[in-house]
Amino acid sequence: MKKILQDLSFEQLNELVSGLGAKPFRAKQLAEGLKKGKKISEINIDPALKQALTAEYEDEPVRVEKVLRSADGSEKYLFRLADGNIIEGVLMKYKYGNTQCVSTQVGCRMGCKFCASTLGGLVRNLTSGEILSQVYVVNAMHQNGRERGVTNIVLMGSGEPLDNFCEVSAFLKNVTAEDGINISARNISLSTCGIVPKIYELADLGIPVNLTISLHQTTDEGRRRTMPVANKYTIAEILGACSYYFEKTGRRYIFEYSLIAGENADKKHAEELIALLKGRPCHVNLIRLNEVKERSLKAAADAQAYKFAAVLEKGGISATVRRSVGADIGGACGQLRAGYLAQDD
Ligand code: SAH
């Protein structure tokens, strides 16, 4: 694979362009073109510079392979990377803007029992430019007279962002840069299964994104049953890291809790969750489990989800049942890619 131009910050792009003997305004033209989701070969720059760049850099690191449109307005994408790997993404349309869900790895090695992204293990990390290009191409598809393009980003596609910390932090720097696409850190959420030391590093990065923890259980024992990462880090350690995150960023953190019938969705679990989280500057997002056909776990009924939320609220924990979007197009992480790969075989 060639190098990826979108990996570079604006300063690095400037250096590259001047190193190739081109005028500084070319770097600006180039950055503008990339931001619009264009291939290098499509950007209107000096032909000699274009040739020098395409010889060394991927012309199109992320290509939209397929778009599925849901009846609720959300869109799911299959992207093809330059090496042929497939990743997926979603754009969810809300009143306040368009939220894009990006992938950070091809596959995942975390092994959570309910998730489709991890079924084939980790294939490779994405580079920061491959993560950023997902945003560039989707933004370009939606930024027009009628729409505002991508306004919010969630790192909740396939992959564990904190298992690819270096590239993910470069992505966060470049996507929030003023001379780039300039999406505010407040509009970005990073979701992790709980890699504790990296939560501390994220807090120290100086980019105060919203931290989201995939908790899904109320005890370490329960967590170990469904999330192998729990063999390494306890809930107490995660909560300690969350407190540090709050101290450093002033941002309230969020817990994701997928309701699985017979596993974590009873009143007793809601009460345990209250005991665990009471007094913390946090919010709980209750998710209806998207049933994955390769897994046997079953979703809790809607009524049970609302009851669970009501118990939490009564116990002083702010909670919402997350509106489920795009279920008709393969909502849960990894489902679309898994289906696509299976159909390829
Ligand atoms: N690896 C990161 C981010 C990707 S997953 C993490 O673990 O947080 C985004 C969210 O979807 C996580 O909360 C994850 O636990 C949840 N998720 C995965 N598979 C799911 C499924 N089948 N149904 C509901 N939620 C699921």
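Residues numbered from 1 in each chain as written. Predicted model: local features only at pLDDT ≥ 70, side-chain atom pairs only at ≥ 80, totals over all residues. Heavy atoms only, no water.

Enquirer: Teacher, can you tell me more about unusual backbone geometry here?
Expert: Backbone geometry places N182, a non-glycine residue, at a positive phi of 60°. Mapped onto the elements of the fold, N182 is located in the loop between α5 (165–176) and β8 (188–192). Under the relative-accessibility criterion, N182 is labelled partly exposed at 41%. Of note, the phi angle at H216 is positive, near 65°, even though the residue is not glycine. (Helix = DSSP H or I, 4+ residues; strand = E, 2+ residues; numbered from the N terminus. Buried < 20%, exposed > 50% of the residue type's maximum accessible area, 1.4 Å probe, protein only.)

Enquirer: What is the right way to read the site of the ligand from this model?
Expert: F114, S191, S214, H216 and N290 are the nearest of the 20 residues found near the ligand. Taking C193, its main chain carries an N or O atom lying 3.5 Å from an oxygen atom of the ligand. Here a nitrogen atom of the ligand sits 3.3 Å away from a polar atom, N or O, in the side chain of S258. Within the complex, 94% of the 530 Å² of free accessible area of the ligand lies under protein. Taken together, the residues of the shell around the ligand break down into 10 nonpolar, 8 polar and 2 charged. (Near = heavy atom within 4 Å. Polar contact = N/O pair within 3.5 Å; in protein donor to acceptor, adjacent residues only side chain to side chain. Areas by Shrake-Rupley, 256 points an atom, 1.4 Å probe, with all protein chains shown as cover. Nonpolar A, V, L, I, M, F, W, Y, C, P; charged D, E, K, R; others polar.)

Enquirer: Honestly, the domain arrangement of the protein chain in this entry has me stumped. Any pointers?
Expert: Interfaces are often described in size by the accessible area the parts lose on coming together. Partitioning the protein chain into structural domains gives domain 1 (1–60) and domain 2 (61–344). Between domain 1 and domain 2, the C-alpha centre-to-centre distance is 32 Å. At the junction of the two partners, domain 1 supplies 15 residues and domain 2 supplies 20 residues. Carbon and sulfur atoms supply 59% of the area buried between domain 1 and domain 2, which totals about 1,400 Å² over both sides. Considering only the side of domain 1, the residues that lose the most area to domain 2 are Q6, K35 and E60, jointly responsible for 44% of the buried surface there. (Domains from an automatic or database assignment. Contact = heavy atoms within 4.5 Å. Buried area = accessible area lost by both parts, 1.4 Å probe.)

Enquirer: I tried to follow helix α2 (residues 24–35) on my own but got confused; where do I start?
Expert: In an α-helix, one turn spans 3.6 residues, which is why side chains three or four residues apart end up on the same side. Across its 12 residues, α2 extends 17 Å between first and last C-alpha, which sits within 8% of the 16 Å expected from 1.5 Å per residue. Listed in full, the buried residues belonging to α2 are R26, A27, L30, A31, G33 and L34. Taken around the axis of α2, the buried residues stretch over an arc of 160°, which confines them to a single face. Opposite the packed face of α2, turned more than 90 degrees from it, sit the exposed residues P24 and K28. Contacts made by the buried residues of α2 are with α1 (10–19), α3 (47–56) and α4 (128–142). Of the residues flanking the end of α2, it is G37, one or two places downstream, whose phi is positive at about 75°. (Expected span 1.5 Å × (residues − 1). Arc of directions from axis to C-beta.)

Enquirer: In this structure, what is going on with the packing of α1 against α2? I would like to understand it.
Expert: When two helices pack together, their arrangement is given by the angle between the helix axes and by the axis-to-axis distance. One way to put it is that α1 packs onto α2 with a least axis distance of 8 Å and a crossing angle of 130°. Taken as axis vectors, α1 and α2 run oblique relative to one another. By crossing handedness, the relation of α1 to α2 is classed as right-handed. From α1, F10, L13, N14 and V17 reach across to α2, where they touch P24, R26, A27, K28, L30 and A31. Residues of the contact of α1 with α2, tallied by class, amount to 7 nonpolar, 1 polar and 2 charged. (Axes fitted to C-alpha atoms, helices over the stretch in contact; angles between N-to-C directions. Parallel < 35°, antiparallel > 145°, perpendicular 65-115°, else oblique. Left-handed = near helix turned anticlockwise from the far one by under 90°.)

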